[in-house]
Amino acid sequence: MGTTEVKGNKLLLLIGTAWLFDALDVALLSFIMPAIKTSWHLSASTLGVVSSVTSLGMFFGAIIFGHLADKIGRKPIMLVTLLLFSGGNILLALTPNVELFILVRFITGLGLGGELPVATTIIADHFKGKERSRMLVLVDSFWAFGWILAAVLAFSVMTYIGWRVTVLITALMGLYVILIRRHLPETHTAEAAKYSFKEAWTQVWSSQYWRTTLALGILWFVIMFVYYGMFLWLPTVLATRGFPLVKSYGYTVLMSLAQLPGYYLAAWLVGRVSRKLVLSIYLLGTMASAAVFGLATSNTMILVSGAWLSFFTLGAWGIMIAFTPSHYSLAVRGMGIGVTQSIGRVGAIGGPYLVGMLISIGFSIPAVFGVFVGALVLGILVLLFGLKDHVDRD
């Protein structure tokens, strides 16, 4: 194994923790919400605010810290964003009421939202061409490990000790990773540092980039809308329909494990064929799986279609991670990734709310999944006609 490959693997592991902690946080919140609903006697609307406020923080965090990564440097911002996450979880464990819980979750969201664009930028800065695409998909695969870790903590530590201790454990893990990340390399450039926030914002919406920024933003919106709408809200609906399997430990682990071959196949494909083709296939696979999942009438159908849904949806997310950075130059790469992912966060916020609204006015589960299928059709059209494939700006 060559020195470059060893360094690349170490960087992959270091940066992969960003996705691991993001997934760990999202997953743990889904397990914590029933506990605080009971102990604090929360209404459905308040619980909706709790579920969405992190995404709101991530919306702002992606833009702010994406720019700061260009302006100040990738490495220090990676440390700051993880410190926000860890510090936020320490405070979360001490919150006495839902109002402070919501405030702390917003702060935590700022860190989480900022971490992923910066982490993506670091990988994009250190690799080129097909190797860049492969490494970006692989680093996104750590999301699956975060979900698995969350399931283990939820069904072991949280079940017996409670959610506050569980959150403290994740905070301590984050503080340990901060120490490790001191060894991250830096790719900061004088060219990037010259842009103010306004100038960088103007650049990504300039005549050179605006079509790309809009198209990538729509694609991120579609993928986050579909993912958060289906995976965070609908398991509760299916459980009330007589399928409690979807809220079990085994189901959570199975859905997480199903993501891994989706990531690994995508990582292999993006180095061999067109990224647009690979993403189109994964979006079509997501559509087909969503349609079957929405029509599922047995535990077997839910398990099989749910596994394929995880395979394709998270694989598509990984391909988008690989697809986005190559469209922006080094000077505005952090801002470009941050802006497009922030547009996606609107979908992450709106997806679960839309599902709840549609169910409340009488939409059936298949009809709700039809909305997701329609969104995916839009995404495929934007992908095919709104973006170039082989764009690598270094």
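Each chain carries its own residue numbering, running from 1 in the direction its sequence is written. Per-residue local features are limited, in this predicted model, to residues with pLDDT of at least 70; the limit for side-chain atom pairs, both in listing and counting, is 80 or more; totals at the level of whole chains, interfaces and linings are taken over all residues. The side-chain quantities take in all heavy atoms of the structure and omit both hydrogens and water.

**Q** I tried to follow a nonpolar patch on the surface on my own but got confused; where do I start?
**A** A patch consists of residues exposed above 30% relative accessible area that lack any salt bridge, with like charges linked at up to 9 Å and nonpolar side chains (Val, Leu, Ile, Met, Phe, Trp, Tyr) linked at up to 5 Å. The Shrake-Rupley method, run with a 1.4 Å probe sphere, supplies the accessible areas, and residue values consider only the shown protein chains as cover. Think of a salt bridge as a Lys or Arg side-chain nitrogen and an Asp or Glu carboxyl oxygen that are within 4 Å of each other. Taken together, the side chains of Leu83, Ile90, Leu94, Leu168, Leu172 and Leu175 define a hydrophobic patch exposed on the protein surface, amounting to about 530 Å² of accessible area. Strands here are runs of E lasting at least two residues and helices are runs of H or I lasting at least four, both read from the DSSP assignment and numbered beginning at the N terminus. Secondary structure elements with two or more residues in the nonpolar patch: α3 (74-92) and α7 (163-180). When residues of the nonpolar patch are assigned to their parent elements, the largest contribution, three residues, is made by α7. Within the secondary structure, Leu83 sits in helix α3.

**Q** Explain the environment of Phe225 to me, please; I cannot follow it from the model alone.
**A** Tracing the chain through its elements places Phe225 in helix α10 (residues 210-240). Leaving out residues up to four positions away in the same chain, Phe225 has contacts with Gly347, Ala348, Gly351, Leu354, Val371, Phe372 and Ala375. Between two residues, a contact is recorded if the distance between any of their heavy atoms is within 4.5 Å.

**Q** Teacher, can you tell me more about empty space enclosed by the protein here?
**A** Leftover empty space is mapped by rolling, across the atoms, a probe with the size of a water molecule. Definitions used for this entry: grid spacing 1 Å over protein atoms alone; cavity, a set of points where a 1.4 Å probe fits but cannot get out; pocket, an open set with protein on both sides within 12 Å along at least 5 of 7 lines; lining residue, one with an atom within 4 Å of a point. Grid points are joined across faces, edges and corners, and a volume is the space filled by probe spheres set on the points. Scanning the entire structure with this criterion turns up two cavities of 30 Å³ or more. Roughly 80 Å³ of volume is contained in the largest cavity. Along the walls of the largest cavity sit Leu24, Asp25, Leu28, Leu29, Ile32, Phe85, Asn89, Leu92, Phe101, Arg105, Val167 and Thr170, which together make up its complete lining. Residue assignment for the lining of the largest cavity shows that the elements contributing at least two residues are α1 (3-39), α3, α4 (98-126) and α7. Broken down by element, the residue count for the lining of the largest cavity peaks at five residues, all from α1. Residues are sorted three ways: Asp, Glu, Lys and Arg are charged, Ala, Val, Leu, Ile, Met, Phe, Trp, Tyr, Cys and Pro are nonpolar, and all the rest, Gly among them, are polar. A breakdown of the residues in the lining of the largest cavity according to their chemical character gives eight nonpolar, two polar and two charged.

**Q** For this particular structure, what's the right way to read unusual backbone geometry?
**A** Negative phi is the rule for most residues except glycine; trans is the rule for most peptide bonds. The backbone phi angle of His41 is positive, close to 55 degrees, even though this residue is not glycine. For His41, the location among the structural elements is in the loop between α1 and α2 (44-71). Whether a residue is buried, partly exposed or exposed follows from its accessible area with a 1.4 Å probe, protein chains only, as a fraction of its type maximum: under 20%, in between, or over 50%, in that order. You can call His41 exposed: its relative accessible area is 69%.

**Q** What am I meant to see in the nonpolar core here?
**A** Note that soluble globular proteins tend to have their nonpolar side chains buried in a common cluster. Here, the term nonpolar core denotes a set of buried Ala, Val, Leu, Ile, Met, Phe, Trp, Tyr and Cys residues that are joined through side-chain atoms within 4.5 Å. The biggest cluster of nonpolar side chains holds 131 residues, and the ones touching the most others in it are Ile15, Trp19, Phe101, Trp143, Trp163, Tyr282 and Leu283. At 18 residues, the largest contribution of residues to this core is made by α1.

**Q** Whenever I open this one, the pattern of salt bridges confuses me. Can you help?
**A** Pairing between side chains becomes possible if they bear opposite charge and their charged atoms approach one another. One pass over the structure, following the stated rule, counts five salt bridges. The closest approach of N and O atoms between Arg105 and Asp25, which form a salt bridge, is 2.5 Å. Placement of Arg105 in helix α4 and of Asp25 in helix α1 is noted, with a sequence separation of 80 residues between them. Among the residues examined, Asp25 registers a relative accessible area of 5% and is labelled buried. Across the salt bridge formed by Arg333 and Asp125, the nearest N and O atoms sit 2.7 Å from each other. Separated by 208 residues along the polypeptide, Arg333 in helix α14 (residues 333-360) and Asp125 in helix α4 bring together distant segments of the chain. You'll find Arg333 and Asp125 in the same group, each marked buried. Overlapping salt bridges bring together Asp70, Arg74, Asp125 and Arg333 as one network.

**Q** Which parts of the structure should I look at to understand helix α5 (residues 129-140)?
**A** Think of an α-helix as turning once every 3.6 residues; residues three or four places apart then point the same way. The terminal C-alpha atoms of α5 lie 17 Å apart, and with 12 residues this matches the ideal 16 Å at 1.5 Å per residue to within 8%. Listed in full, the buried residues belonging to α5 are Arg132, Ser133, Met135, Leu136, Val137, Leu138, Val139 and Asp140. By definition here, a helix of n residues has an expected span of 1.5 Å times n minus one.

**Q** Got a minute to help me understand the packing of α2 against α4 in this structure?
**A** The relative placement of two packed helices comes down to the angle between their axes together with the axis-to-axis distance. Fitted lines through C-alpha atoms give the axes, limited to the stretch in contact for helices. The angle between two N-to-C directions lies from 0 to 180 degrees. Viewed as axis vectors pointing N to C, α2 and α4 meet at an angle of 35 degrees, and their least axial separation amounts to 5 Å. For the pair α2 and α4, the sense of crossing is right-handed. Residue composition of the contact of α2 with α4, by class: 17 nonpolar, seven polar and one charged. In a left-handed crossing the near helix is turned counterclockwise from the far helix by less than a right angle, and in a right-handed crossing that turn is clockwise.

**Q** Before we go on, may I ask you to explain the packing of aromatic side chains in this structure?
**A** What characterises a pair of aromatic rings is the spacing of the ring centres plus the angle enclosed by the ring planes. Within 6.5 Å between ring centres, the rings of Phe, Tyr and Trp (the latter by its six-membered ring) count as paired, and their orientation is classed by plane angle as stacked under 30 degrees, edge-to-face over 60, tilted in between. Taken as a whole and judged by the stated rule, the model has 25 aromatic pairs. Residues Trp143 and Tyr227 carry aromatic rings whose centres are separated by 5.9 Å and whose planes lie at 75 degrees to one another, so their mutual orientation is edge-to-face. Placement of Trp143 in helix α6 (residues 142-161) and of Tyr227 in helix α10 is noted, with a sequence separation of 84 residues between them. Overall, Tyr227 belongs to the buried group, its relative accessible area being 1%. Considering the side-chain rings of Phe293 and Phe369, the 5.7 Å spacing of their centres and the 55 degrees angle between planes classify their relative orientation as tilted. Residue Phe293 is located in helix α12 (residues 275-294), and its partner Phe369 is located in helix α15 (residues 365-386); the two are separated by 76 residues in the primary sequence. With a relative accessible area of 6%, Phe293 lands in the buried category. Judged by relative accessible area, which is 2%, Phe369 ranks as buried.

**Q** Help me understand the environment of Ala307, please; the structure alone is not making it clear to me.
**A** Within the secondary structure, Ala307 sits in helix α13 (residues 299-323). Relative accessible area serves as the criterion here: at 19%, Ala307 is assigned to the buried category. Spatially, the C-alpha atom of Ala307 lies 5.4 Å from that of Ala258, the residues being 49 residues apart in sequence. Other than its neighbours up to four places away in sequence, Ala307 contacts Met255 and Ala258.

**Q** Explain α2 here, please?
**A** A rise of 1.5 Å per residue sets the reference length of α2, with its 28 residues, at 40 Å; its end C-alpha atoms lie 41 Å apart and thus fit the reference within 8%. Values of bend correspond, residue by residue, to the angle between axes fitted over the seven residues ending at that residue and the seven starting there. Along its length, α2 shows its largest kink, about 35 degrees, at Ser52. At the exit of α2 stands Gly73, carrying a positive phi of roughly 145 degrees.

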